[in-house]
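Here's the letter readout for the chains.
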Amino acid sequence: MTLQVGDEAPDFELKDQHGQVVRLSSFRGEKNVLVLFYPWAFSSVCGGELDELQQQLADFQNDDVAIVTVSTDSMYALRTFADAQGYQFPLLADFWPHGAVAADYGVLHPQIGVALRGTFLVDRQGIVRWTVTNDIGDARSLDEYRAALAAV
């Protein structure tokens, strides 16, 4: 079941594309966090979403908000993807146990074993304040993220 507004966001600890551990709870009391799940590195829709995010990064990675992206790809695949595209935000590997964090958030596609396009705005207290989930082929809108952040 997908997390709902008002739920406490499950904490997680995942490695980013550089092998650095990122823990959701490390942002508590400091920043709101946009947690973006996506299915595959190197796919056209995922790349398009993340390219747009990189182009407008200052809106989503600043003194008030942090952004983390999560896929079931390995850390090594994510490093290659980030380096090739020039991404300057954390790409977290929910690789093993495979998709455990996506499952905790209710966005793991059970037949394919990848994350749906789930987005969660987690406030400074660790509570989900906004969420949207799109199917694998449906890109998300950064304007929706901006509106959600303005409401927090």
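Residues numbered from 1 in each chain as written. Predicted model: local features only at pLDDT ≥ 70, side-chain atom pairs only at ≥ 80, totals over all residues. Heavy atoms only, no water.

**Side note on the overall build of the chain**
Part 1 of the argument: Looking only at helices and strands, the chain features four helices and seven strands.
Part 2 of the argument: For the chain, the N- to C-terminal ordering of α and β elements is β-β-β-α-β-α-β-α-β-β-α.
Part 3 of the argument: Against the compact-globule benchmark of 15 Å for 152 residues, the chain has a radius of gyration of 14 Å, which places it among compact chains.
Part 4 of the argument: Here the C-alpha coordinates of the chain stretch approximately 35 × 30 × 30 Å along the principal axes.
Part 5 of the argument: The buried share among the 152 residues of the chain stands at 50%. (Helix = DSSP H or I, 4+ residues; strand = E, 2+ residues; numbered from the N terminus. Rg over C-alpha atoms; globule rule 2.2 N^0.38 Å. Buried < 20%, exposed > 50% of the residue type's maximum accessible area, 1.4 Å probe, protein only.)

**Considering helix α1 (residues 44-55)**
Part 1 of the argument: Its 12 residues place the ends of α1 16 Å apart at the C-alpha level, agreeing with the 16 Å of an ideal helix rising 1.5 Å per residue.
Part 2 of the argument: Listing the buried residues of α1 in full gives Cys-46, Gly-47, Glu-49, Leu-50, Leu-53 and Gln-54. Axial view of α1: buried residues confined to an arc of 165°, hence all on one face. Among the exposed residues of α1, those pointing more than 90 degrees away from its buried face are Ser-44 and Gln-55. (Expected span 1.5 Å × (residues − 1). Arc of directions from axis to C-beta.)

**A closer look at the packing of aromatic side chains**
Part 1 of the argument: Enumeration according to the criterion identifies nine aromatic pairs in this entry.
Part 2 of the argument: Arranged with centres 4.9 Å apart and planes meeting at 55°, the rings of Phe-42 and Phe-81 form a pair that is tilted. Placement of Phe-42 in the loop between β3 (32-37) and α1 and of Phe-81 in helix α2 (residues 75-85) is noted, with a sequence separation of 39 residues between them.
Part 3 of the argument: Between the aromatic rings of Phe-60 and Tyr-145, the centroid separation amounts to 5.9 Å while the plane-to-plane angle is 85°, which identifies the pairing as edge-to-face. (Phe/Tyr/Trp six-rings, centres within 6.5 Å; stacked < 30°, edge-to-face > 60°.)

**Considerations on the pairing of strand β4 (residues 65-71)**
Part 1 of the argument: A large share of β4 lies buried, amounting to seven of its seven residues.
Part 2 of the argument: Residues Val-65, Ile-67, Thr-69 and Ser-71 of β4 are buried on one face, and the alternating residues Ala-66, Val-68 and Val-70, pointing to the opposite face, are buried as well.
Part 3 of the argument: Here β3 runs beside β4; their pairing, made up of six bridges, is parallel. If you follow Val-33 over to β4, its bridge partner there is Ala-66.
Part 4 of the argument: Note on the crossover from β3 through α1 to β4: the handedness is right-handed. (Pairing = 2+ DSSP bridges. Right-handed = clockwise from strand over helix to strand, strands pointing away.)

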